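# Breakdown of the fold
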Amino acid sequence: MTGLTPKSAKKFILDNTALMAPPHVPEVLLHLADEAHDLWLRTEEELAAIGLPPPFWAFAWAGGQGLARYVLDHPETVRGRRVLDFASGSGLVAIAAVKAGAAEVIAAAIDPFCETPLAPNLEANAVEAQFLGTDCVGADDGWDVVLAGDVFYDKAFADRLLPWFARLRARGAEILVGDPGRAYLPRTGLRSLAVYRVPVTRVLEDAEVKRTTVWRLA
């Protein structure tokens, strides 16, 4: 397969995923790579050859599942509010926020390719959200709530996020983080809202269940 075009990208997604509900969020349908697909096992070089960054969008990560579960169980968190789903990936958390009654949802991902899988995922759930395909760290568009699932996996990234989150929180935004114990989760300044045992893909996590906490930035 040569470089992806918009048409071939959609076909690639549909050929390499299946429409299913993440185990911890059965209310949401997503096009996900399951154990029968080898998408994640393909080498980075092979994916790069067709113009595809690592396919984080093809999996329902534990932090996102926990955060989506919390939002659906506590719709008052987002109801009637402007919400940024940061590092949206598949759009799981964004879709949950729409279903929970958010007034407006922006699904942000630094990888602009994520817009391609997001569209059929939104369609499968009969919801609408905007896509922001740029690096929005440091920006402030007046969001009432920022949702961030599984974002503390890299030290350099975490070091960029924390001052940004702190500035947004200082002016009144709610910052909620879903995290399954990633290495660079801050040890202070967070309040636990809920803890879940989230089923995950063993090939990615070397586990079948991850203890996942939803935190609020204090």
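Here the structure is shown first, and the text comes after it.
Below is a short write-up of the structure. Since this is a predicted model, take the numbers as computed values, not measurements. (Residues numbered from 1 in each chain as written. Predicted model: local features only at pLDDT ≥ 70, side-chain atom pairs only at ≥ 80, totals over all residues. Heavy atoms only, no water.)

Given 3.6 residues to a turn, an α-helix orients residues that are three or four positions apart in the same direction. Extensive coverage of helix H4 (residues 92-99) is indicated by the burial of 6 of its 8 residues. The complete set of buried residues in H4 reads Leu92, Val93, Ala94, Ile95, Ala96 and Ala97. (Buried < 20%, exposed > 50% of the residue type's maximum accessible area, 1.4 Å probe, protein only. Helix = DSSP H or I, 4+ residues; strand = E, 2+ residues; numbered from the N terminus.)

Looking at the element boundaries, Cys136 is found in the loop between strand S5 (130-132) and strand S6 (145-149). Judged by its relative accessible area of 4%, Cys136 is buried. In the structure, Cys136 is positioned 21 residues away from Glu115 in sequence and 15 Å away in space, judged by C-alpha atoms.

Spatially, 7 strands are ordered S5-S4-S3-S6-S7-S9-S8 in an open sheet, and the strand pairing comes out mixed. The outermost strands of the open sheet, each flanked by one partner alone, are S5 and strand S8 (190-199). Across the sheet, the mean angle separating the axes of adjacent strands is 20° when strand polarity is ignored. Pairing of S8 with strand S9 (residues 209-217), which is carried by 9 bridges, proceeds in the antiparallel orientation. If you follow Tyr196 over to S9, its bridge partner there is Thr212. (Pairing = 2+ DSSP bridges. Axes fitted to C-alpha atoms, helices over the stretch in contact; angles between N-to-C directions.)

When you tally the buried positions in strand S3 (residues 82-86), you get 4 out of 5 residues, the bulk of the element. Judged from the 5 bridges that link them, S3 and strand S4 (residues 104-108) form a sheet pairing that is parallel. Bridge pairing in S4 places Arg82 opposite Glu104. In this region the chain leaves S3, passes through H4 and returns to the parallel neighbour S4; the handedness of that crossover is right-handed. Bridge count for S3 against S6 is 4 bridges, and the pairing is parallel. Its bridge partner being in S6, Phe86 is matched across the sheet by Ala148. (Right-handed = clockwise from strand over helix to strand, strands pointing away.)

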